[in-house]
Amino acid sequence: MTNYPVLNLFWTMLEFFLLVLWLFLLFKVISDVFRSHDMSGLAKAGWLVLVIVLPFLGVLLYVIIRGRSMGERDHEQARKADEAFKQYVREAAGTPGGGSASHVDQLAKLADLRSSGALSEQEYQAAKDKLLGSG
């Protein structure tokens, strides 16, 4: 068995953690360069060359210069994803605002019309069967 002190183990774990953190930041910057619509193709190529050739300096400069807009793009993307999810839930649940009224609302209206005498029992059953058969 080799001699590997506990302090060296913690140091190795710290180095590994920092490497993973660094790679995460590097790929975040590279993906943000491609996602940015306010930069020209030449500017994107320049940032990519800088980040690939001089990674520490390139990432540091990118975060300093474009960090605020990077956060705004992240926020906007999260907002759009949240809105798309909410719209999907509205459509799937059939709630108002996501399309037509739900079957429950329509059945309640039919029952009110029947109880008020506007619909006969046969008309009510036909409308109910049509509504439930279409779902």
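Residues numbered from 1 in each chain as written. Predicted model: local features only at pLDDT ≥ 70, side-chain atom pairs only at ≥ 80, totals over all residues. Heavy atoms only, no water.

## Some details on the packing of aromatic side chains
And step 1. Using the criterion set out here, one finds 2 aromatic pairs in the structure.
And step 2. Aromatic side chains tryptophan 47 and tyrosine 62 sit 4.9 Å apart centroid to centroid with 90 degrees between the ring planes, which places their arrangement in the edge-to-face category. Of the two residues, tryptophan 47 sits in helix 2 (residues 41-53) while tyrosine 62 sits in helix 3 (residues 55-93), which places them 15 residues apart along the sequence. Comparing tryptophan 47 with tyrosine 62 shows no difference in burial state: the two are buried.
And step 3. Lying over the aromatic face of tyrosine 124, arginine 114 brings its terminal NZ or CZ to 4.1 Å of the ring centre. (Phe/Tyr/Trp six-rings, centres within 6.5 Å; stacked < 30°, edge-to-face > 60°. Helix = DSSP H or I, 4+ residues; strand = E, 2+ residues; numbered from the N terminus. Buried < 20%, exposed > 50% of the residue type's maximum accessible area, 1.4 Å probe, protein only. Lys NZ or Arg CZ within 6 Å of the ring centre and 35° of its normal.)

## Details of the environment of leucine 131
And step 1. Inspection of the secondary structure puts leucine 131 in helix 5 (residues 121-134).
And step 2. Put simply, leucine 131 and glutamine 106 are 25 residues apart on the chain and 8.1 Å apart in space, counted from C-alpha to C-alpha.
And step 3. If near-sequence neighbours (up to four positions away) are discounted, leucine 131 is found in contact with His103, Gln106, Leu107 and Leu110. (Contact = heavy atoms within 4.5 Å.)

## Structural notes on the side chain of aspartate 32
And step 1. Looking at the element boundaries, aspartate 32 is found in helix 1 (residues 6-35).
And step 2. A residue is classified by how much of its surface remains accessible, and aspartate 32, at 0% relative accessible area, is buried.

## A few points about the packing of helix 1 against helix 3
And step 1. Remark: helix 1 packs on helix 3, axes separated minimally by 9 Å, with the N-to-C direction vectors making an angle of 65 degrees. In the packing of helix 1 onto helix 3, the handedness of the crossing is left-handed. Mapping the contact onto sequence places Trp22, Leu25, Leu26, Lys28, Val29, Asp32, Val33 and Arg35 in helix 1 and Pro55, Phe56, Val59, Tyr62, Val63, Met70, Arg73, Asp74 and Gln77 in helix 3.
And step 2. Residues that form the contact of helix 1 with helix 3 fall into these classes: 11 nonpolar, 1 polar and 5 charged. (Axes fitted to C-alpha atoms, helices over the stretch in contact; angles between N-to-C directions. Left-handed = near helix turned anticlockwise from the far one by under 90°. Nonpolar A, V, L, I, M, F, W, Y, C, P; charged D, E, K, R; others polar.)

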